[in-house]
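# Architecture at a glance
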Amino acid sequence: MKRFATPVALLAALPLALALLLAGCASTADSEGYYTVKRGDTLYSIGRDFDQSPANLRSWNRLRNPDDLEVGQRIMVRPPAGVVARTGAGQSSRPAATAQASAAAKPKAKTAAKPSAKPQDDDDASAPAAADAKLDWMWPTQGKSAPSGDSYKKGIDIAGSEGQSVVAAAAGKVTYAGHGIRGYGNMVIIKHTPQLLSVYAHNKTITVKEGDTVTRGQQVATMGSSDTSRVKLYFEIRRNGKPVNVMALLPAR
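As a starting point, this report considers the structure included with it. What you see is a predicted model, and the numbers here were worked out from it, not measured in a lab.

### Describing the packing of aromatic side chains
Enumeration according to the criterion identifies three aromatic pairs in this entry. Between Tyr 184 and Tyr 234, the ring centres sit 6.1 Å apart and the planes meet at 65°, which makes this aromatic pair edge-to-face. Taken as a pair, Tyr 184 in the loop between strand E8 (172-178) and strand E9 (186-191) and Tyr 234 in strand E13 (residues 232-239) lie far apart in primary sequence, 50 residues in all. Judged by relative accessible area, which is 0%, Tyr 184 ranks as buried. A residue is classified by how much of its surface remains accessible, and Tyr 234, at 0% relative accessible area, is buried. Where Tyr 200 meets Phe 235, the ring centres are 5.3 Å apart and the plane angle is 55°; that geometry is what we call tilted. Taken together, the residues Tyr 200 in strand E10 (residues 196-206) and Phe 235 in strand E13 connect sequence positions 35 residues apart. Both residues of the pair, Tyr 200 and Phe 235, count as buried.

### Overview of the pattern of salt bridges
If you walk through the whole model with that rule in mind, you get nine salt bridges. A salt bridge links Asp 157 to Lys 232; the nearest nitrogen and oxygen atoms lie 3.2 Å apart. Pair noted here: Asp 157 is in strand E6 (residues 156-159) and Lys 232 is in strand E13, with a separation of 75 residues, a long-range link. Lys 232 carries the same exposure label as Asp 157, and that label is buried. Its salt-bridge partner being Lys 209, residue Asp 212 comes within 3.2 Å of it at the nearest N-O pair. It is possible to trace a salt-bridge network through shared partners that takes in Asp 30, Glu 32 and Arg 74.

### Re the nonpolar core
In this structure, Trp 137, Ile 190, Tyr 200, Val 220, Phe 235 and Ile 237 are the most contacted members of the largest nonpolar core, which totals 25 residues. If you list the elements that add at least two residues to this core, you get E6, E9, E10, strand E12 (219-223) and E13. By size, the runner-up hydrophobic cluster in this structure holds twelve residues, among which are Trp 60, Leu 63, Ile 75 and Val 77.

### Digging into helix H2 (residues 54-61)
The complete set of buried residues in H2 reads Pro 54, Asn 56, Leu 57, Trp 60 and Asn 61. Looking down the long axis of H2, one finds its buried residues gathered within 160° of arc, a one-sided arrangement. Of the residues flanking the end of H2, it is Arg 62, one or two places downstream, whose phi is positive at about 50°.

### Points about the environment of Leu 57
Looking at the secondary structure, you find Leu 57 in helix H2. If near-sequence neighbours (up to four positions away) are discounted, Leu 57 is found in contact with Leu 43, Ile 46, Gly 47, Gln 52, Leu 63, Met 76 and Val 77.

### Focus on unusual backbone geometry
One non-glycine residue with positive phi stands out, namely His 202, at about 70°. Exposure remark for His 202: the relative accessible area of 1% places this residue in the buried category. Unusually for a residue other than glycine, Asn 240 sits at a positive phi of about 50°. With respect to the helices and strands, Asn 240 occurs in the loop between E13 and strand E14 (242-243).

### Re the pairing of E10
In terms of burial, E10 is largely enclosed, as eight of its eleven residues are buried. Note that E9 and E10 share five bridges and pair antiparallel. Opposite Ile 189, over in E10, you have Val 199 as the bridge partner. Note: E10 against E13, six bridges, orientation antiparallel. Paired with Leu 197 across the two strands is Arg 238, which belongs to E13.

Procedures and definitions
- Residues numbered from 1 in each chain as written.
- Predicted model: local features only at pLDDT ≥ 70, side-chain atom pairs only at ≥ 80, totals over all residues.
- Heavy atoms only, no water.
- Phe/Tyr/Trp six-rings, centres within 6.5 Å; stacked < 30°, edge-to-face > 60°.
- Helix = DSSP H or I, 4+ residues; strand = E, 2+ residues; numbered from the N terminus.
- Buried < 20%, exposed > 50% of the residue type's maximum accessible area, 1.4 Å probe, protein only.
- Salt bridge = Lys/Arg side-chain N within 4 Å of Asp/Glu carboxyl O.
- Core = buried A, V, L, I, M, F, W, Y, C linked by side-chain atoms within 4.5 Å.
- Arc of directions from axis to C-beta.
- Contact = heavy atoms within 4.5 Å.
- Pairing = 2+ DSSP bridges.

This is how it looks when you write it as structure tokens:
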């Protein structure tokens, strides 16, 4: 079974509590720190469930091609002995000794003449990254939008009618198409670049399958109310596994 890995962190990891890609899955590791791959799992979703980045999982399991996860395969989801793991999407791990040596060898920085700029918070992301803006984004469906009513979701809800068309907000490849993540119903995840993916949840039907390449504006689902109390589309964009400000990327309307 072919699975397309997310960078992150997607369904990255991630603190989606999608916290691409998407909390609520009950996944457990055995006493040796291994998890057994189930149908519908991706490196992104496994990383999210165990708060590890796909980069960590690839390194620990020596995965040359993370797209090819097999049902029944055992994946190490806890840091091996002697390795310090940094959790979260886009984070990496390195041996503790190497980290300590690097810190000791690093010279002390001189006092800056000017105060440094405040680092951007990816979870807020009021200003989109240059790579995000280069994509030709469009609205995934018609309807009134508002921040998601679910506290653990960082995207937007778009109200509409049952069966309404849901389209890809930008060109990309479908990395997830199913209903295996509690709280998101029938969901589609599209990877647009190594860093960017978009999420489309609560659909009535899904019209694409994993591995499909889709164009901007191509239908991927129909709006519904799966795993929620009203008809709507939950839409989210993630960079390196962390949600960004959707409204800063979508065109004004």
